[in-house]
Amino acid sequence: MKQMKNILLLLLLFLGYVGFSQDIITEFRQIIESEAKAGHKIINNKANINTSNYDITYHQLDWTIDPAIAFIDGIVTTSFTAKEDLSTIIFDLTDNMTVSEVTQNGANLTYNQNTNDELVITLSQTVLKGQSSSVIITYSGNPVSSGFGSFEQTTHNGAPIIWTLSEPYGAKGWWPCKQDLNDKIDAIDVYITAPQQYVSVSNGLEIDKNTKVGRTTTHFRHQYPIPAYLIAIAVTNYSVYSHQVPNNGKPFDIVNYVYPENLASAQSQTGVTVDIMNLFTQLFEEYPYADEKYGHAQFGWGGGMEHTTVSFMGSFSRGLIAHELAHQWFGNKITCGSWKDIWLNEGFATYLSGLTIENLDGASNFKNWRISTINSVTSSPNGAVYLSDIDTTSVNRIFNGRLSYNKGAMVLHMLRKKLGDTMFFQGMKEYLADPSLAYSYAKTPDFIAKMEAVSGQNLSEFFNDWIYNQGYPRYTINWYQPQPNEIKITINQTQSHSSVSYFEAPVPIRVIGSGGEVVDLVLDNKFNGEEFLKSINFEVTEIQIDPEFHLISRFNNVVLGLEDLVLESEFTIYPNPASTAILINKPNDIELENITIYNSLGQIESEISQKDQIDVSHLRPGFYFIKVQTNKGFIHKSFLKY
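Each chain has its residues counted from 1, following the order in which its sequence is written. The predicted origin of the model limits local features to residues at a pLDDT of at least 70 and limits the giving and counting of side-chain atom pairs to 80 or more, whereas totals for whole chains, interfaces and linings rest on all residues. In computing side-chain properties, one takes all heavy atoms of the structure into account and sets aside hydrogens as well as water.

Caption draft 1: Local environment of unusual backbone geometry. Here the residue pair Glu167 and Pro168 is connected by a cis peptide bond, since its omega of -5° sits within 30 degrees of zero. You can see Pro168 is positioned in the loop between β10 (159–164) and β11 (187–195). Geometrically, the link from Tyr574 to Pro575 is a cis peptide bond, its omega value of -10° lying close to zero. For Pro575, the position within the fold is in the loop between β30 (572–574) and β31 (581–585). Its identity as a non-glycine residue notwithstanding, Asn157 has a phi of 50°, on the positive side. Elements are defined by DSSP. Helices are runs of H or I of four residues or more, strands are runs of E of two residues or more, and each kind is numbered from the N terminus. With respect to the helices and strands, the residue Asn157 is situated in the loop between β9 (151–156) and β10.

Shown next, in the form of structure tokens:
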């Protein structure tokens, strides 16, 4: 009966893990699909080198929208500083958007729209290098027809809605911009005019609303650097409510814009955002936009998108809330400086969703998260976290869940285990606070340099193995006890991909004794066949490799017994299963000193001295372990009594 209860308990634990894993996988797919939503034509839409000769300092974005109609009227005022002498200035804009007027200092300018999705403007006079100026572009059109998927007009529960999602190159599908990963706009003012029955949403702090002749203009101001792909708007019949974050005496609001039909369920789910905000603030630093707002706006896609200060959400699961909130630090405050470095956005946000589980749900659930994440990473033998040039032409490769998200997240966890919590989190804080990176762009070497400076360690080997190259290790560990108070462990490794000659890593080992003793070791393994001699004050019956799943690895194997594997293979017991007696077959140079039989609970059943035959007739049917002390160390075997 007790055995049946144990089986049922294991089954329930397994089913619980499967359910936990499936929930993560489903939610994870939704996140990836949303973040890649507007990028399906990335192969034809790279950053425009013709926009690299100026810096944008400010946009005033005036948009008139009716959510029932797939159309936008816009007036975009752009202030810029010339990086070289400019007689023309070029913006990214799809040719289905029709420009009707461009002015500079009140004078009309000549312009043309070409088939390369460029708006080319001839300035009234040359703007010299280092000088600043501005232009005002008036335009209109149906952005839905651009095919980018960055501007959507649809319905929810019969009510019309318009929402945008521009990552990575979709902004030009609905407004004239400069979309790249090297220039952030210093500040923006957004004015959205819509029929007065609707609520408008955008980045930053809502400044005011002004209603005239049935239309309401809502003004948002965002005073932090922002890339074009993170600017967003949404308009529909939202219900609006807030949670307040105490923020150490400097409170700010989390503003939620949700569909009226989902108001009750959303209100029951979004409150946890305050807990997650407090957690991330404690682990890293204050929320980067605390003097404006954070918020959620429901939209018509399954996952979410981390627009600065307001994440667009398809649902309000805790994992999705955590992932998109994490991006406000990693992705928005510091943005990946190229799509090769997308893991600096996605791997980091994925790991922070894991930290949410660790801190709000406890160690067991965080372990389950690591198991699920490692299983994803090792489901294929190849693939690097860092992208190649050709990889950046595929949106599916940029937003690859196994590599950019999961492997990036687990590499961060492994770095944490390598450095220790104190140095890891200090390094993350200093990365966020670095004035050359904060509210700007970073690339992988920037992050490596920061973690090396904080830890005092050379991390080149670690990042070469786990970020720049491919695959994962498989470990084979051999162990024996040369003396009763010590254990000798030998580590061997094979690699799933030839790009890594050897994965140097701290390998977690759990040593289990016959009396239930447990000792956890971390072996800093640097080469194949490396031996470690450790003091152990008990008889060892089992060794486990990475039992808590802190290491990206798969198909690991532990060989129990003598240092010489050939000798161990020649030491056999038979028959097995046995009824009355077990015979021992051994090499002549092995001398038996003592034999101990343990039951499946680790309790000693009998001890025998120097016999080639073991009487088991007195044992109850079941599974047993035999530990044989010899002149060359301990040998462990097992048998079934029937």
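Caption draft 2: Main features of helix α9 (residues 421–433). Counted at 1.5 Å a residue, the expected span for α9 with its 13 residues is 18 Å, and the 18 Å between its end C-alpha atoms agrees. Those residues of α9 that sit buried are Phe424, Phe425, Gly427, Met428, Tyr431 and Leu432. Summarising the axial view, the buried residues of α9 lie within an arc of 150°, below the 170-degree limit, and thus occupy one face. Expected span of a helix: the number of residues minus one, times 1.5 Å. Partly exposed describes any residue whose relative accessible area lies between the buried limit of under 20% and the exposed limit of over 50%, with all areas from a 1.4 Å probe on protein chains only and scaled to the type maximum. The arc in question is the one traced by the directions running from the helix axis out to the C-beta atoms.

Caption draft 3: Here's a closer look at the pattern of salt bridges. The salt bridge criterion pairs a side-chain nitrogen of Lys or Arg with a carboxyl oxygen of Asp or Glu, the two atoms within 4 Å. Per the stated rule, a full pass over the model turns up 18 salt bridges. Across the pair Lys250 and Glu286 runs a salt bridge whose closest N-O atoms are separated by 3.1 Å. With Lys250 in the loop between β16 (239–245) and β17 (252–258) and Glu286 in the loop between α3 (272–283) and β18 (294–298), this pair connects stretches of sequence that are 36 residues apart. We classify Glu286 as partly exposed; its relative accessible area is 32%. A salt bridge links Asp389 to Lys340, with the nearest nitrogen and oxygen atoms 2.5 Å apart. Here the residue Asp389 occupies a position in the loop between α6 (363–377) and α7 (395–398), and Lys340 occupies one in the loop between β21 (334–336) and α5 (343–361), the gap between them amounting to 49 residues. Asp389 gets classed as exposed once you look at its relative accessible area, which sits at 52%.

Caption draft 4: Focus on the packing of aromatic side chains. In this analysis, rings of Phe, Tyr and Trp, with Trp reduced to its six-membered ring, are considered paired at centre separations within 6.5 Å, and the interplanar angle assigns stacked below 30 degrees, edge-to-face beyond 60, and tilted for intermediate values. For the coordinates displayed, the defined rule picks out 40 aromatic pairs. Between Trp63 and Trp175, the aromatic rings sit 6.2 Å apart at their centres with planes inclined by 70°, giving edge-to-face as the arrangement. With Trp63 in strand β1 (residues 54–64) and Trp175 in the loop between β10 and β11, this pair connects stretches of sequence that are 112 residues apart. Pairing Tyr289 with Tyr439 gives two aromatic rings, centres 6.0 Å apart and planes at 70°, and the pair type is edge-to-face. Residue Tyr289 is found in the loop between α3 and β18, and its partner Tyr439 is found in the loop between α9 and β22 (440–442); the two are separated by 150 residues along the sequence. Residue Tyr439 is classed as partly exposed on the basis of its relative accessible area of 21%. We note Lys178 situated over the ring of Tyr54; from NZ or CZ to the ring centre the distance is 4.6 Å. The rule for a charge over a ring is simple: NZ of Lys or CZ of Arg within 6 Å of the ring centre, and within 35 degrees of the ring normal. The ring of Phe366 carries Arg370 above its face, with NZ or CZ at 4.7 Å from the centroid.

Caption draft 5: Here's a closer look at the side chain of His550. Among the structural elements, His550 can be located in the loop between β28 (540–545) and β29 (557–560). The buried category is assigned to His550, whose relative accessible area is 17%. What qualifies as a polar contact is a pair of N or O atoms within 3.5 Å, subject to a donor-acceptor requirement within protein and to the restriction that residues adjacent in sequence count only when both atoms come from side chains. A polar atom in the side chain of His550 sits 2.8 Å from the side chain of His413. Residue contacts are counted whenever heavy atoms from the two residues lie within 4.5 Å of one another. Sequence-distant contacts of His550, that is, excluding residues within four places in its chain, are made with Arg370, Met410, His413, Met414, Lys417 and Pro508.

Caption draft 6: Quick look at the sheet that holds β10. By this definition, two strands are paired if DSSP reports at least two bridges between them. One open sheet holds the 4 strands; their spatial order is β9-β10-β15-β12, and the pairing between them is antiparallel. Edge positions in the open sheet fall to β9 and β12 (199–202), since each of these has one partner strand only. Here the strands of the sheet are splayed against their neighbours by 15° on average, with no regard to which way each runs. Pairing of β10 with strand β15 (residues 233–236) involves 2 bridges; the strand directions are antiparallel. Bridging from a neighbouring strand, Ile162 pairs with Val235 of β15. Convention adopted: a line fitted to C-alpha atoms gives each axis, helices being fitted over their contacting stretch, and angles between N-to-C directions are expressed from 0 to 180 degrees.

Caption draft 7: How the structure looks around the packing of α5 against helix α8 (residues 401–419). Here α5 crosses α8 at 65°, and the two axes come no closer than 7 Å. At the point where α5 passes α8, the crossing takes the right-handed sense. Residues Trp343, Glu346, Gly347, Phe348, Thr350, Tyr351, Leu355 and Glu358 of α5 pack against Ser404, Tyr405, Asn406, Gly408, Ala409, Leu412, His413 and Arg416 of α8. Each residue gets one label: Ala, Val, Leu, Ile, Met, Phe, Trp, Tyr, Cys and Pro are nonpolar, Asp, Glu, Lys and Arg are charged, and the others, such as Gly, are polar. Considering only residue class, the contact of α5 with α8 consists of 7 nonpolar, 6 polar and 3 charged. For any pair of crossing helices, the crossing counts as left-handed if the nearer helix is rotated counterclockwise from the farther one by less than a right angle, and right-handed if it is rotated clockwise.

Caption draft 8: Quick peek at the packing of α8 against α9. Running from N to C, α8 and α9 cross one another at 125°; their axes reach a closest spacing of 6 Å. In terms of orientation, α8 lies oblique with respect to α9. The residues of α9 that touch α8, namely those facing Leu412, Leu415, Arg416 and Leu419, are Asp421, Met423, Phe424 and Phe425. Per-class residue counts for the contact of α8 with α9 are 6 nonpolar, no polar and 2 charged. Comment on the angle field: the value is read as roughly parallel under 35 degrees, roughly antiparallel over 145, roughly perpendicular from 65 to 115, and oblique elsewhere.

Caption draft 9: Region of the structure containing α3. Taking 1.5 Å per residue as the helical rise, α3 with its 12 residues ought to reach 16 Å, and the 17 Å between its terminal C-alpha atoms agrees with that figure. Among the residues of α3, Val272, Thr273, Val274, Ile276, Met277, Leu279, Phe280 and Leu283 are the ones counted as buried.

Caption draft 10: Representation of the environment of Gln196 in the model. Tracing the sequence through the fold places Gln196 in the loop between β11 and β12. With 20 residues separating them along the chain, Gln196 and Thr216 place their C-alpha atoms 4.8 Å apart. Aside from chain neighbours lying at most four places away, what touches Gln196 is Thr211, Gly214, Arg215 and Thr216.

Caption draft 11: Broad picture of the nonpolar core. Each nonpolar core is a collection of buried residues, namely Ala, Val, Leu, Ile, Met, Phe, Trp, Tyr and Cys, held together in the definition by side-chain atoms within 4.5 Å. In this structure, Trp63, Trp175, Phe284, Phe447, Ile489 and Ile509 are the most contacted members of the largest nonpolar core, which totals 161 residues. Among all residues touching Ile489, those that are not within four sequence positions of it are Ile477, Asn478, Trp479, Ile509, Leu521, Leu523, Glu530, Glu531, Phe532 and Ile543.

Caption draft 12: Spotlight on the sheet that holds strand β34 (residues 613–615). Strand order in this open sheet of 3 strands is β30-β31-β34, and the pairing throughout is antiparallel. Only two strands of the sheet have a single neighbouring strand rather than two, namely β30 and β34. Neighbouring strand axes in the sheet, compared pairwise and without regard to direction, differ in orientation by 25° on average.

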